[in-house]
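Residues per chain are reported as follows:
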Amino acid sequence: MEIINRRKRMMSIARKLRRDERRTIGFVPTMGALHQGHLSLIHEARALCDVVVASIFVNPTQFGPAEDFDGYPRDLTRDSALLAEYNVDYVFAPTIEEIYPPGFSTYVTVEGLTDKLEGAARPGHFRGVTTVVTILLNAIRPDFAFFGQKDAQQAIVIKHLVRDLALNSEIVTVPIVREESGLAMSSRNVYLTREERIAATALNRALLKAGAAFAEGERSAGRLIEIARLTLESEPLARIDYVELNDAETLQPLERMNGRPALLSLAVFIGNTRLIDNLVLGKAERNAAGANA
Ligand code: AMP
């Protein structure tokens with residue numbers, strides 16, 4: 001496994017792999033502080049592609065001024081050891097200046113999809129994400145790039161970006177990896193105290209409660225949201241940022257489920273730590289032939 005810091009070297013290696021060796025490249029972008037969620041993306045990439053490139057870059061432009069950019073967990077030594085263990089071929093770990101050279105002034109914005117949910121709660125967040133992902137995809141030009149369903153809106157936005165800018169990479173979404181307690185894995189979970197870590201299981205419990213109501217026939221968005229809210233509100237350490245039900249593809253807010261899959265999304269503060277989680281409802285509303293029931 002080689003660790004690459006320079007954008008130019010990353011570009012020339014990727015070009016050689018593609019052109020001279022005709023090998024397929026799988027790319028897994030991360031901000032490091034790796035956990036089993038990240039490693040499941042690596043696992044998928046390893047299964048699907050000849051060469052796996054992972055990036056580790058805590059991207060300053062996707063953090064708001066009051067957010068945790070400075071304190072975000074960083075441990076390149078541990079991360080590199082994990083990636084080597086998972087047979088990653090190249091780790092791209094650029095400095096900020098490699099990605100944003102002096103005078104940098106070009107940003108990529110996906111409109112519409114980014115003005116709701118995380119985009120509404122974190123102004124400028126997606127502009128930072130779509131800009132860095134465009135730079136990384138353009139440098140590496142992977143055949144496949146892997147994103148977690150944990151950040152469901154991000155995966156949708158990136159798919160849209162790739163389509164609109166005709167980038168030649170296929171975006172693969174990988175299911176959420178959870179701890180045994182149900183807590184979705186996240187680099188930010190290290191911020192939680194022991195008590196908060198237990199309280200944080202309320203997110204998954206809220207989703208499961210709403211999921212159970214859906215399974216029993218509930219289709220009103222208001223009711224499904226209310227069920228999730230009640231579970232969150234019964235947890236004293238939890239403070240809701242938002243609970244929303246949106247069309248799982250277009251992210252349009254829903255009043256009633258309409259036979260199409262819907263995304264139930266939560267953003268919740270547990271103490272000072274903001275966590276997100278989600279569940280897709282209605283994926284199973286398909287019969288054996290694959291048509292909508
Ligand atoms: P991050 O390092 O937080 O930017 O995450 C890098 C990638 O890992 C993103 O595509 C995330 O959606 C994905 N990811 C993070 N946590 C999980 C998880 N628990 N399960 C699956 N994917 C995840």
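See the structure above.
Small disclaimer: the values here were computed from a predicted structure and weren't measured.

Enquirer: Would you mind going over the pattern of salt bridges with me for this structure?
Expert: Side-chain pairing between opposite charges can occur once the charged atoms of the two side chains come close. Overall, the coordinates contain 17 salt bridges when judged by the stated rule. One salt bridge connects Arg122 with Glu118, and the closest N-O pair in it is separated by 4.0 Å. Given the relative accessible area of 9%, Arg122 is considered buried. Here Arg274 makes a salt bridge to Asp241, at a shortest N to O gap of 2.9 Å.

Enquirer: Help me out: how do you make sense of the packing of helix H6 (residues 125-140) against helix H7 (residues 152-164) in this one?
Expert: To characterise two packed helices, one gives the angle between the axes of the helices and the distance between these axes. One can describe the packing of H6 onto H7 by two numbers: an axis separation of 11 Å at closest approach and a directional angle of 50°. Between H6 and H7, the crossing angle belongs to the class labelled oblique. Here H6 runs over H7; the crossing is right-handed. On H7, the residues touching Phe126, Val129, Thr130, Val133, Thr134 and Leu137 of H6 are Gln153, Gln154, Val157, Ile158, Leu161 and Val162. Split by residue class, the contact of H6 with H7 holds 8 nonpolar, 4 polar and no charged.

Conventions adopted
Residues numbered from 1 in each chain as written. Predicted model: local features only at pLDDT ≥ 70, side-chain atom pairs only at ≥ 80, totals over all residues. Heavy atoms only, no water. Salt bridge = Lys/Arg side-chain N within 4 Å of Asp/Glu carboxyl O. Buried < 20%, exposed > 50% of the residue type's maximum accessible area, 1.4 Å probe, protein only. Axes fitted to C-alpha atoms, helices over the stretch in contact; angles between N-to-C directions. Helix = DSSP H or I, 4+ residues; strand = E, 2+ residues; numbered from the N terminus. Parallel < 35°, antiparallel > 145°, perpendicular 65-115°, else oblique. Left-handed = near helix turned anticlockwise from the far one by under 90°. Contact = heavy atoms within 4.5 Å. Nonpolar A, V, L, I, M, F, W, Y, C, P; charged D, E, K, R; others polar.

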